[in-house]
Every structure is written in C-alpha cells, then in structure tokens.
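Survey of secondary and tertiary structure
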Amino acid sequence: MNGQDRGGTAVPARTDSLPSQASAHEPLAPPVPELTGRPSTPRRGRGRPGRRQATANAYLFLLPSIIGLIIFIGYPVVTSFYYSFTDWDGMGPATWIGIENYTYLFTVDPTFWPSIRATFYFVALTVPSTLICGFLLALLLNHRYPGVKIFRTIFYLPVVLPGIAVLTLWAYIYEPSYGLANQILERLGLPTSSWIYSETMAMPSIVLIGLWGVGGTMIIFLAGLQNVPQELYEAAKVDGAGPVRRMLSITLPMMTPIILLQVILCLNLAFQAFNQVQVLTQGGPGTSTYLLGYKIFMNAFGTYPQLGLASAEAWIMLLMVVGATALALKTSSAWVYEE
C-alpha cells in the first residue's frame, strides 16, 4: 500500500527533499547579524551640518532687522541715557554735569510738575474711556446682521486717516465762534463751550478726539470676542442664564487676557501722546494740556535746544511707562482668567 491510498489513487511518496524544493521557490530570509559584545549605536554628529546651515540661514535673514534694531533703537537708548547726565545743545560738545538735569527738573523747573499732573490726568481719562467705548462697539458689531461689515469699516476708518489732517479738522470743529460743535449745541438749545480754549474743557476735548478714533481698540476686542467658544453660550442658555449673566460669567472672564493687552497698549500710547497737543493747544491754556511728551519736544527742538534736559525727561517718561505696565501685569493675576 505504499504510495497508494485506499481507492487506488497514487499518492506522492514522502521524501526529505521538500524543504529544499520550497526554498527554491520562496525568497531567502535576510541574514541575521552576528551578535557582538556591545550594541551598535548611530554615529554621533550625523545631521549637524544641516542644522548649522539652517541656523546660519535664519540669522542671515534676521540680520537686517537686528542691525536696524541696534542702530535705530539700541544706540539712541544708550546715547540718550548718557546725554541725560550732560549739558548739550545738540551742536557743540556735551559737558558732563552728573545729576544736575534731574535735580533741576524735580526742584527748579516750573513746568515739570504741571506736565506730570497733566500727563496722569490725560492717562486717567483716556485709558478707561478708550477701553469701555472700544469694548461696547465690539459687542455691538459682533452680531451677524445685514450691513455689519460696513459699520465695522466706518468705525475703523478714522484709524487709517492722516492724524495731522484729522486734528486740523477738529481744530475747526472746536472753534468757539463758527465751529461745528457749538453750532450743533445751539440748534439743540444747549449751552455752548470754549472747548480747547478753556482750561477746564481743553483736556476732555482732546480725550474726545481719541474716542472718535477708537476703531483700533474695537478691532482687537472684536477679534477676541469671535474666539470665545460658542459652546459656553449654548450651555449657559440651556441652564437658563440671561444676557447679563452670560456677559458677566462668560464674556468678561474669557476676554480678560485681551483686556490686559489693551490696557498695556493704551497706557503706552497715552503716556507718549504728543500730536493732539502740538496741533490743537500747544500745551495751553496755561499748563492744562502741557503733557510731558510735548515738554520733551519743546526742550529738544525749541528756540534754545536743551537735549540733555530732554533726554532726562525722556528717561523719566520711560520709568513712568514701565511702572504703569509693571503695575498692570502685577495686578493681572487677580482679575485675568487663565484656562
């Protein structure tokens, strides 16, 4: 019965050559590496030339900005700090006088402290009013209704207009005798005002011009509002929260990082305000709008330039800005919401 099944059909005999026949038709397995005493590791330093080349290319592209930063920012900052301790008119050689410029400003100069008071008064009026108006406008324009993009463009348009031209136009609006502001008040039967020609109304009038150009603040707030997750509002509606509760519990907490950014930006711009005073009031009436930025300009480029004294005032302004910014950042942990 060897080589046949029970039905008489021939069955191939079992031989020992089957493994060799299968190996002839199948691919050979890859050779197994011999084990040695220590494992093979990749060669160190491979790829470093490529990374170094990429880093060199990055610095090469950044080089123009770095050079511009050093020339136009770093060098003026360092030299102004040096000149703040000198007596220099911008023409002849500077004479080292130590802290006499600072001593003169704090103890002798009759316009220094009025300029400090006017600057802080301007900041106290400008920053809160700009933040509130910008935030309210952003809330108003954060809805989808016909023509909303047109209104966004209209409110942002004053930001892109030439600043000096706009301020010149406002000078005509504030003219007491024929200005548009008093004409509107007369038509409404309201008392007129002297506006920028009054010591009490000059500063609020300048702040009002800043509110007319609040579109830049509005755009940043609008971008922040559109990034608030809508799921939070939907969950609050399901829980029965009304508009006021959603505003206090969702919108304001989620917007606090943007508010902090806006506070810092507004503080920096308000402390350095200059164009409004230069075009409209020249620091008057009296010293009611004699901002520190305008005082620095007058000492640096006035009839009798005192660039050493102006440099000292510039560093005092820098300390004021840094102090206000540091205070905002220090207190932010108490009111800024972090996810």
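Residues numbered from 1 in each chain as written. Predicted model: local features only at pLDDT ≥ 70, side-chain atom pairs only at ≥ 80, totals over all residues. Heavy atoms only, no water.

Let us now look at the overall build of the protein. In terms of regular secondary structure, the protein is built from 14 helices and 2 strands. Across the 339 residues of the protein, 34% fall into the buried class. The contacts of the protein with a sequence gap of at least 6 include a subset with a gap of at least 24, amounting to 65%. As displayed, the protein has an accessible area near 22800 Å², and 65% of this comes from carbon and sulfur atoms. (Helix = DSSP H or I, 4+ residues; strand = E, 2+ residues; numbered from the N terminus. Buried < 20%, exposed > 50% of the residue type's maximum accessible area, 1.4 Å probe, protein only. Contact = heavy atoms within 4.5 Å. Areas by Shrake-Rupley, 256 points an atom, 1.4 Å probe, with all protein chains shown as cover.)

This part covers the packing of aromatic side chains. For the structure on display, the rule yields 19 aromatic pairs. For the pair Tyr 82 and Trp 96, a centre-to-centre distance of 5.8 Å together with 35° between the ring planes defines the contact as tilted. Linking Tyr 82 in helix H2 (residues 48-83) with Trp 96 in strand E2 (residues 95-96), this pair joins segments that are 14 residues apart in sequence. A relative accessible area of 40% means that Tyr 82 is categorised as partly exposed. Classification of Trp 96 as exposed rests on a relative accessible area of 54%. Counting every residue linked through ring pairs, the aromatic cluster contains Phe 81, Tyr 82, Tyr 83, Phe 85, Trp 88, Trp 96, Tyr 102 and Trp 315. (Phe/Tyr/Trp six-rings, centres within 6.5 Å; stacked < 30°, edge-to-face > 60°.)

It is worth spelling out the packing of helix H13 (residues 292-301) against helix H14 (residues 307-331) at this point. H14 packs onto H13 with a crossing angle of 160° between their chain directions and a minimal axis gap of 8 Å. On the basis of their axis angle, the class for H13 and H14 is roughly antiparallel. Relative to H14, the crossing made by H13 is left-handed. Across from Leu 292, Gly 293, Lys 295, Ile 296, Asn 299 and Ala 300 in H13, the residues of H14 making contact are Leu 307, Leu 309, Ala 310, Glu 313, Ala 314, Met 317 and Met 320. Each residue belonging to the contact of H13 with H14 can be placed in one class, and the counts come to 9 nonpolar, 2 polar and 2 charged. (Axes fitted to C-alpha atoms, helices over the stretch in contact; angles between N-to-C directions. Parallel < 35°, antiparallel > 145°, perpendicular 65-115°, else oblique. Left-handed = near helix turned anticlockwise from the far one by under 90°. Nonpolar A, V, L, I, M, F, W, Y, C, P; charged D, E, K, R; others polar.)

Turning our attention to the environment of Gly 283. Of note, Gly 283 is situated in the loop between helix H12 (275-281) and H13. Placed 12 residues apart in sequence, Gly 283 and Lys 295 show a C-alpha to C-alpha distance of 8.3 Å. Those residues in contact with Gly 283 that sit more than four places away from it in its chain are Val 277, Ser 288, Thr 289, Tyr 290 and Tyr 294.

As a further point, take helix H9 (residues 215-226). The end-to-end C-alpha distance of H9 is 16 Å, a good match for the 16 Å that 12 residues give at a rise of 1.5 Å each. Among the residues of H9, Gly 215, Thr 217, Met 218, Phe 221, Leu 222, Gly 224 and Leu 225 are the ones counted as buried. Tucked into the core, H9 has its buried residues touching helix H4 (112-140), helix H5 (148-160) and helix H11 (243-271). (Expected span 1.5 Å × (residues − 1).)

With that out of the way, let us pick up the nonpolar core. General note: in soluble globular proteins, nonpolar side chains tend to be found buried as a group. In terms of nonpolar packing, the biggest core is built from 71 residues, with Phe 122, Val 127, Phe 221, Met 255, Leu 267, Phe 271 and Leu 291 touching the most fellow members. If sequence neighbours within four positions are ignored, Phe 122 has contacts with Met 203, Ile 206, Val 207, Ala 270, Ala 273, Gln 276 and Leu 291. (Core = buried A, V, L, I, M, F, W, Y, C linked by side-chain atoms within 4.5 Å.)

Before going further, it helps to spend a moment on the layout of surface pockets. Of the voids in this model, the largest pocket is the one considered here, and its volume is about 840 Å³. In this structure, the largest pocket is lined by 30 residues; those nearest its centre are Ile 209, Gly 210, Gly 213, Leu 269 and Gln 276. Those elements that provide at least two residues to the lining of the largest pocket are H4, H5, helix H6 (163-173), helix H8 (202-212), H9, H11 and H12. With 6 residues, H8 is the largest single contributor of residues to the lining of the largest pocket. Of the residues contributing to the lining of the largest pocket, the split by class is 19 nonpolar, 11 polar and no charged. Taken as a whole, the second largest pocket holds about 650 Å³ of empty space. For the second largest pocket, the lining is made up of 18 residues, of which Asn 142, His 143, Leu 225, Gln 230 and Tyr 233 are closest to its centre. Counting only elements with at least two residues in the lining of the second largest pocket, the list comes to H5, H9, helix H10 (230-238) and H11. (1 Å grid on protein atoms, 1.4 Å probe; cavity = no way out; pocket = protein on both sides within 12 Å on 5 of 7 lines; lining within 4 Å. Points joined across faces, edges and corners; volume = space filled by probe spheres on them.)

Topologically, Asp 109 is positioned in the loop between helix H3 (100-107) and H4. Among the residues examined, Asp 109 registers a relative accessible area of 9% and is labelled buried. Once you skip the residues sitting within four places of it in the chain, Asp 109 turns out to touch Tyr 104, Lys 295 and Glu 313.

At Leu 62, H2 shows its maximal kink, close to 45°; a proline, Pro 64, follows between one and four residues later. When H2 is considered as a whole, its buried residues turn out to be Gly 68, Thr 79 and Ser 80. Those residues of H2 that are buried lie in contact with H14. (Bend = angle between axes of the 7 residues up to and from the residue.)

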